[in-house]
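Commentary on secondary and tertiary structure
Here's the letter readout for the chains.
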Amino acid sequence: MGRAFVYVILGGGVAAGYAALEFTRRGVSDGELCIISEEPVAPYERPALSKGFLLPEAPARLPSFHTCVGANDEKLTPKWYKDHGIELVLGTRVKSVDVRRKTLLSSTGETISYKFLIIATGARPLKLEEFGVEGSDAENVCYLRDLADANRLATVIQSSSNGNAVVIGGGYIGMECAASLVINKINVTMVFPEAHCMARLFTPKIASLYEDYYRAKGVKFVKGTVLTSFEFDSNKKVTAVNLKDGSHLPADLVVVGIGIRPNTSLFEGQLTIEKGGIKVNSRMQSSDSSVYAIGDVATFPVKLFGEMRRLEHVDSARKSARHAVSAIMDPIKTGEFDYLPFFYSRVFAFSWQFYGDPTGDVVHFGEYEDGKSFGAYWIKKGHLVGSFLEGGTKEEYETISKATQLKPAVTIDLEELEREGLGFAHTV
Ligand code: FAD
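Residues numbered from 1 in each chain as written. Predicted model: local features only at pLDDT ≥ 70, side-chain atom pairs only at ≥ 80, totals over all residues. Heavy atoms only, no water.

Details of the pattern of salt bridges
Following the criterion strictly, the structure yields 26 salt bridges and no others. With a shortest N-O distance of 3.1 Å, Arg-215 and Asp-212 are connected by a salt bridge. Highlighted residues: Arg-215 and Asp-212, both in helix 5 (residues 204-216), separated by three residues, approximately one helical turn. For Asp-212, a relative accessible area of 47% translates into the label partly exposed. (Salt bridge = Lys/Arg side-chain N within 4 Å of Asp/Glu carboxyl O. Helix = DSSP H or I, 4+ residues; strand = E, 2+ residues; numbered from the N terminus. Buried < 20%, exposed > 50% of the residue type's maximum accessible area, 1.4 Å probe, protein only.)

And the structure:
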């Protein structure tokens, strides 16, 4: 049994949704495009899972956050795919791909062939077992990547009111989940090996702004150590966690956010892999000219920094998806993907944005009080390479984004840059 399509998108997450919209904008005929996804629902805005989805009052539920609400585009419900003649094959895992033959084999035994394949398989959470700790399958140990994880976490949260949660990991998932747990009246302890939260991006000064606020909300931080084992009751439910520093923390709920690994395994030995992802060129095209990769799974050239990067953020998933479709459907007019890395997060009443590369010397500016914004610039080899802003207006975020994209020379000394603050970005 087999079906043939001109375009197949493997994976039905954020990047797939944005690619589908771009295909329809450029014009696909009924039956030309197929999306195959292991998830049982049409593509949705994954960032909602650690934010609106976990709220105790009026939580976000599908269909309200299908792509592309995050970018204020049309909302793509299952009906939208049907109306546009796009075959949406849901709840179906692809178990092998033959790049030479241009075929995929699904878990249901169907062979699907393509002329162009777009890999949008995203990533999976790293499991504690990969660090030698057993217990990930306990009913109150939660990871958060997909809707099934989010539903499970929401259920465990409901049964843990006024209880204790231990959040393992101080990155995006850890910080956003900790905030959501506090809002759900759960006592939270965060555990991570680094000296401060969001260690890959935040400076100690930026991190202290958020950590102080979390502390004021009752969150405890245990830093510089890692989880070594769980304690279980007779139902195999976790009751406590043991840390390497000897501490023992009671737990009704454990959230684990210790990083992700891109889903490349179907292509190992068939396509070039770099920095853990599928290596693509500036057209998002892999080492096989019929195969493209987008989103978290793709390692692409970031022109601004002259380096190959794999990014794990929704904005690059959206934009790389659009670029790949443009390169496939309009190869002559499509130039190089010239992407400015952009990350953001929202926790409690905070909201920050970051553009560029957090490397080099850092200059902080502003004070976060009375609704004023607070920010930082990263300067490398005399040029502005990164900008961070908390509490900015839409216009201010646009200003730092545009300034960073231009990578301007910083001719004033760093103290003056600190005094100028946002004013500097306005002058670029
Ligand atoms: P995904 O959205 O993960 O989609 C991959 C899809 O492929 C999934 O549907 C998966 O089931 C499917 N798949 C994989 N393998 C197979 C297979 N073999 N067969 C069939 N289907 C398969 N980024 C930000 O910038 N800001 C945020 O605030 C933010 N918050 C986040 C909060 C959470 C809880 C999570 C999990 C992520 C967050 N991110 C955030 C990251 C962002 O969501 C990702 O960068 C984005 O989803 C990547 O899109 P993608 O399409 O590459 O992968």
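Some points on the nonpolar core
Within the largest apolar cluster, 129 residues are counted, with the highest numbers of intra-cluster contacts made by Leu-104, Leu-117, Met-190, Phe-202, Leu-253 and Phe-388. At eight residues, helix 1 (residues 14-26) tops the list of elements feeding residues into this core. With residues near it in sequence (within four places) discarded, Met-190 still touches Val-167, Gly-169, Gly-170, Gly-174, Met-175, Ala-178, Tyr-214, Val-219, Lys-220, Phe-221 and Val-222. Of all hydrophobic cores here, the second largest spans 18 residues; its members include Leu-128, Tyr-143, Val-166 and Val-256. (Core = buried A, V, L, I, M, F, W, Y, C linked by side-chain atoms within 4.5 Å. Contact = heavy atoms within 4.5 Å.)

A word on the environment of Arg-152
With respect to the helices, strands and loops of the structure, Arg-152 is situated in helix 3 (residues 147-158). Here Arg-152 falls in the partly exposed class, since its relative accessible area comes to 33%. For the pair Arg-152 and Cys-142, spaced 10 residues apart in sequence, the C-alpha separation works out to 7.4 Å. Not counting chain neighbours up to four residues away, the residues in contact with Arg-152 comprise Ala-138, Glu-139, Val-141 and Cys-142.

Some words on the layout of surface pockets
Space inside the second largest pocket adds up to approximately 780 Å³. Forming the boundary of the second largest pocket are 29 residues, of which Gly-70, Ala-71, Asp-315, Arg-318 and Phe-342 lie nearest the centre. At the level of elements, helix 6 (314-329), strand 24 (342-347), strand 25 (350-356) and helix 7 (394-406) are the ones that each hand at least two residues to the lining of the second largest pocket. The biggest single contributor to the lining of the second largest pocket is helix 7, with five residues. Of the residues contributing to the lining of the second largest pocket, the split by class is 12 nonpolar, seven polar and 10 charged. (1 Å grid on protein atoms, 1.4 Å probe; cavity = no way out; pocket = protein on both sides within 12 Å on 5 of 7 lines; lining within 4 Å. Points joined across faces, edges and corners; volume = space filled by probe spheres on them. Nonpolar A, V, L, I, M, F, W, Y, C, P; charged D, E, K, R; others polar.)

Section: the site of the ligand
Taken together, 32 residues lie near the ligand, and Glu-39, Arg-46, Lys-51, Arg-145 and Asp-296 sit nearest. Within the side chain of Ser-37, one N or O atom sits 3.5 Å away from an oxygen atom of the ligand. Contact with the protein chains hides 95% of the accessible area of the ligand, taken as 1,000 Å² for the molecule alone. Residue assignment for the shell around the ligand shows that the elements contributing at least two residues are helix 1, helix 4 (172-183) and helix 6. (Near = heavy atom within 4 Å. Polar contact = N/O pair within 3.5 Å; in protein donor to acceptor, adjacent residues only side chain to side chain. Areas by Shrake-Rupley, 256 points an atom, 1.4 Å probe, with all protein chains shown as cover.)

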